[in-house]
Amino acid sequence: MITIAVTNQKGGVGKTTTTINLGAYLAKAGKQVLLIDLDPQGNATSGLAIDKKAVEQKTVYELLRGEATAADIVLATEQKNLYILPTTTTLAASEIELVNAQGREFVLKHALANLTYDYILIDCPPSLSLLTVNALTAADKVLIPVQTEFYALEGLGQLIDVVQRVRASVNPHLEILGVVMTMFNSRTSLSTAVKEELTKHFGAKVFNTAIPRNVRLAEAPSYGKTIADHDKWSKGARAYKALAKETIDRTMQ
């Protein structure tokens, strides 16, 4: 089982889109995949057409409080092999509650013990909070989506610093799986410049696959669908299929 934290403290970089659609194509490749919506906004939950009102009292919040197990709250999605631990806005309260919890960095790790999926993908909140630290403590790998824009590298140093601190203190096996460029437009000099800058800093850690700006990709969540179900022939779908293949290749080495 490989647990991947999908994280970047900047919002709007395609983090949830990447979690959902990477998960979808890993599932299509025959892998058993569990998504964990660790963002209080709950966009991964709604993006997979999960009714938040229907899952109250059976969410990640109850999991972190020890009031439910992963088996209690896991939901199947419309796609074969793809499951989710859903979230509602109540998760925001766990930030405060975790502060005084014993072994607060390990709460999620303990809650996920004994699961048997091939991949667990954790959609982290857009902040370097205790929820994110829990995800990094529970994870084997970190996947960092980076929007190819002017401020792309801003804050990445801080994120890498947090990853290194988590590795040094509570999770020595944590590794950066890679950096994936999102909202990429090969026709603009800015996207090309950001790609060069990322490659200079991260080298082979930058995925070969870049996720393009794509209308079909942007509209898929409003239908509660992954891009694989919404438009499998779109540029966005082809990119996430390629990213899933790269992810399998990198994690099976």
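Shown above is the structure to which this text applies.
Residues numbered from 1 in each chain as written. Predicted model: local features only at pLDDT ≥ 70, side-chain atom pairs only at ≥ 80, totals over all residues. Heavy atoms only, no water.

**Some points on the pattern of salt bridges**
The condition is simple: Salt bridge, as used here: a side-chain nitrogen of Lys or Arg that lies within 4 Å of a carboxyl oxygen of Asp or Glu. Secondary structure follows DSSP: runs of H or I at least 4 residues long count as helices, runs of E at least 2 residues long count as strands, and numbering of each begins at the N terminus. With a 1.4 Å probe rolled over the protein chains alone, any residue whose accessible area is under 20% of its type maximum counts as buried; one over 50% counts as exposed, and the rest are partly exposed.
Applying the stated rule across the entire model yields 12 salt bridges. Among the ionic pairs, Asp-39 bridges to Lys-15, the shortest N-O distance being 3.8 Å. On the criterion of sequence distance, the pair formed by Asp-39 in the loop between β2 (33-37) and α2 (43-47) and Lys-15 in helix α1 (residues 15-28) is long-range, its members being 24 residues apart. Residue classification places Lys-15 among the buried residues on the basis of a relative accessible area of 6%.

**Observations concerning the packing of helix α5 (residues 92-99) against helix α7 (residues 130-138)**
Spelled out, the test is: Geometry is summarised by axes, namely lines fitted to C-alpha atoms with helices restricted to the contacting stretch, and by angles between N-to-C directions that run from 0 to 180 degrees. Any angle that falls under 35 degrees is termed roughly parallel, while one over 145 is termed roughly antiparallel, one within 65 to 115 roughly perpendicular, and all others oblique. The contact rule is simple, with two residues in contact once any of their heavy atoms fall within 4.5 Å. Charged residues are taken to be Asp, Glu, Lys and Arg, nonpolar residues to be Ala, Val, Leu, Ile, Met, Phe, Trp, Tyr, Cys and Pro, and polar residues to be all remaining types, Gly included.
Interhelical geometry of α5 versus α7 gives an angle of 75 degrees and a closest axis separation of 9 Å. Considering the angle they form, α5 stands roughly perpendicular to α7. For the pair α5 and α7, contact is made by Ser-94, Glu-95, Leu-98 and Val-99 and by Leu-130, Leu-131 and Asn-134, respectively. A class-by-class count of the residues in the contact of α5 with α7 yields 4 nonpolar, 2 polar and 1 charged.

**Quick word on the layout of surface pockets**
We count it as follows: A 1.4 Å probe that fits into a set of points on a 1 Å grid over the protein atoms alone but cannot get out defines a cavity; an open set with protein on both sides within 12 Å along at least five of seven lines defines a pocket, and lining residues are those with an atom within 4 Å of a point. Grid points are joined across faces, edges and corners, and a volume is the space filled by probe spheres set on the points.
Of the voids in this model, the largest pocket is the one considered here, and its volume is about 310 Å³. Considering the residues around the largest pocket, the lining is formed by 21 residues, among which Gly-14, Thr-17, Met-183, Leu-217 and Ala-218 are closest to the centre. Elements that contribute at least two residues to the lining of the largest pocket include exactly α1, α2 and α10 (215-219). For the lining of the largest pocket, the leading source of residues is α1, giving 4 residues. Per-class residue counts for the lining of the largest pocket are 10 nonpolar, 9 polar and 2 charged. What the second largest pocket holds in volume is close to 200 Å³. In terms of lining, the second largest pocket is formed by Phe-184, Asn-185, Ser-186, Arg-187, Ala-210, Pro-212, Arg-213 and Lys-235.

**With respect to unusual backbone geometry**
The backbone of Asn-81 sits at a positive phi, close to 75 degrees, despite the residue not being glycine. Note on placement: Asn-81 falls in the loop between β3 (75-76) and β4 (82-85). In this structure, Met-183 takes a positive phi of about 55 degrees despite not being glycine. Within the secondary structure, Met-183 sits in the loop between β7 (175-182) and α9 (189-202). A relative accessible area of 22% means that Met-183 is categorised as partly exposed.

**A look at the sheet that holds strand β1 (residues 2-6)**
Adjacent strands of a sheet form backbone hydrogen bonds with each other and so pair up, either parallel or antiparallel. We apply this condition: By this definition, two strands are paired if DSSP reports at least two bridges between them.
If you trace the 7 strands from one edge of the open sheet to the other, you get β3-β4-β2-β5-β1-β6-β7, paired in mixed fashion. Each having just a single partner strand, β3 and β7 make up the two edges of the open sheet. Summarising the sheet, β1 and strand β5 (residues 119-123) pair through 5 bridges and their orientation is parallel. Directly across from Ala-5, in β5, lies its bridge partner Ile-122. Contacts from α1 reach β1, β2, β4, β5, β6 (141-147) and β7 within the one sheet, and its direction differs from that of β5 by about 165 degrees. Contacts from helix α12 (residues 235-251) reach β1, β5 and β7, with the element oriented near 165 degrees to β7.

**A word on the packing of α7 against helix α8 (residues 156-169)**
Put simply, the test is: Two helices cross in a left-handed way if the nearer one is turned anticlockwise from the farther one by less than a right angle. They cross in a right-handed way if the turn is clockwise.
Between α7 and α8, the least distance of the axes is 10 Å, while the angle of their chain directions is 55 degrees. With respect to α8, the element α7 is oriented oblique. Between α7 and α8 lies a crossing of right-handed hand. Note on element contacts: α8 touches α7 through Val-162, Val-163 and Val-166, opposite Val-133, Leu-136 and Thr-137. Here the residues of the contact of α7 with α8 sort into 5 nonpolar, 1 polar and no charged.

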